[in-house]
Amino acid sequence: MLFQWLVGVLDLWGRTGGIREDRAALLASNGFASLTIAYCEYRDLPDKYDVLHLSYFERAIDWLIAHPKVLSVGVGLVGLSMGGALALAIASQIPHKIKAVVSISGTHLVIGCSLKCSTLTIKGFPVEVTAANYARYKCFLSIFKNTKGTFKPGSPWIIPVEHITCPILLVHGHDDKLNSKIEWMFEDIFQRMEKHGKGSLCRRLGFPGTGHFITPCYLPPSSRQYVKIYDEVWFLGGSTKDQAKASEIHWNESLEFLSKEIA
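The rules we used
Residues numbered from 1 in each chain as written. Predicted model: local features only at pLDDT ≥ 70, side-chain atom pairs only at ≥ 80, totals over all residues. Heavy atoms only, no water. Pairing = 2+ DSSP bridges. Helix = DSSP H or I, 4+ residues; strand = E, 2+ residues; numbered from the N terminus. Contact = heavy atoms within 4.5 Å. Axes fitted to C-alpha atoms, helices over the stretch in contact; angles between N-to-C directions. Expected span 1.5 Å × (residues − 1). Buried < 20%, exposed > 50% of the residue type's maximum accessible area, 1.4 Å probe, protein only. Parallel < 35°, antiparallel > 145°, perpendicular 65-115°, else oblique. Left-handed = near helix turned anticlockwise from the far one by under 90°. Nonpolar A, V, L, I, M, F, W, Y, C, P; charged D, E, K, R; others polar. Salt bridge = Lys/Arg side-chain N within 4 Å of Asp/Glu carboxyl O.

**Student:** I'd like a rundown of the sheet that holds strand β7 (residues 121-122), residues and numbers included.
**Tutor:** One open sheet holds the three strands; their spatial order is β3-β6-β7, and the pairing between them is mixed. The open sheet has two edge strands with one neighbour each: β3 (51-53) and β7. Summarising the sheet, β3 and strand β6 (residues 114-116) pair through three bridges and their orientation is parallel. Bridging from a neighbouring strand, H53 pairs with K116 of β6. Packed on one face of the sheet, helix α2 (residues 54-66) meets β3 and β6 and runs near 35° to β3.

Printed below as a string of structure tokens:
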């Protein structure tokens, strides 16, 4: 029996904190060498992530690439929400190690924390909590609602997606109650890449009646999510039926995309 090299995938969840292994387990059950890592609220990691370091994620990527059963050409990244934004940021800074990105509801705007890279720092858009706007959820709603004003030339919190050299799949819901401007932001990602002759690398996949929290099929769909680091329940949109349908379609599309672009 001939040995078959496995496609490596790093899995990143959102800002809920802790670690989730269900999506990585589903990736593994479909023949991928998957690795999921936490970046806050887990064991010796900080409770909050004011500053993240690219080197932390790169070490995990290097470990995966060096595994004797994994293709050494590079890995794929799968991220949801904040995890999707991190996936885009990582691909923009170490493009020679990343062969495909699936960003689910994750845009090119870093919010609430900074990402320190070897040559630059992507500063997080500030989250200001006031007495009138005390809940973090309300802060994020306001930031996304007025997002066009944050995309000025030279803004330090914008991920330089034009540096990405691999195919990216941008997945989003048309009923995203957290980020009401996600379609505009994904269009902006495409336009930034198009200006650098990379528009063909960017593919968008949108779903009606679907919110921010899009999980793989076989996981229960949800319109709400508990965010541990803020101790809040966030309403993210979407109906159960439409969420379930989107989960099935996006999951199958993502598996095919990762297999094709990396292998």
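**Student:** Which residues make up helix α6 (residues 240-262), and what are the values?
**Tutor:** Taking 1.5 Å per residue as the helical rise, α6 with its 23 residues ought to reach 33 Å, and the 32 Å between its terminal C-alpha atoms agrees with that figure. Within the sequence span of α6, burial applies to Q243, A246, S247, H250, W251, S254, L255, F257, L258 and I262.

**Student:** Would you mind going over the side chain of Q93 in detail, with residue names and values included?
**Tutor:** Its place among the elements puts Q93 in helix α3 (residues 82-93). Not counting residues up to four positions away in its chain, the partners in contact with Q93 are L54, C117, T119, L120 and P160.

**Student:** Give me the packing of helix α1 (residues 22-29) against α6: which residues, what numbers.
**Tutor:** Relative placement of two packed helices is described by the angle separating their axes and the distance separating the axes. Following both chains from N to C, one finds α1 and α6 inclined at 60°, their axes separated by 12 Å at the closest point. Taken as axis vectors, α1 and α6 run oblique relative to one another. Here the hand of the crossing between α1 and α6 comes out right-handed. Every residue of α6 that contacts α1 at R23, L26 and L27 is listed here: W251, L255 and L258. Class assignment of the residues belonging to the contact of α1 with α6 gives a composition of five nonpolar, no polar and one charged.

**Student:** Before we move on, can you summarise the pairing of strand β4 (residues 75-80) with the specific residues and values?
**Tutor:** Within β4, six of the six residues are buried, which leaves the element mostly enclosed by the surrounding structure. Here β4 shows two buried faces, one formed by V75, L77 and G79 and the other by G76, V78 and L80. Two elements, β4 and strand β5 (residues 98-104), share six bridges in a ladder whose sense is parallel. Paired with L77 across the strands is V101, a residue of β5.

**Student:** So what's going on with the pattern of salt bridges? Which residues, and what values?
**Tutor:** Under the criterion given, the structure shown has eight salt bridges. Residues D22 and R20 are paired through a salt bridge, measuring 2.5 Å at the closest nitrogen-oxygen approach. Look at D22 and you get partly exposed, because its relative accessible area is 24%. The partner of E58 in a salt bridge is K97, with the nearest N and O atoms 2.6 Å apart. With E58 in helix α2 and K97 in the loop between α3 and β5, this pair connects stretches of sequence that are 39 residues apart. Its relative accessible area of 14% is what places K97 among the buried residues. Through salt bridges with shared partners, one network takes in E58, D62 and K97.

Purely spatial values, then, with no claim about function.
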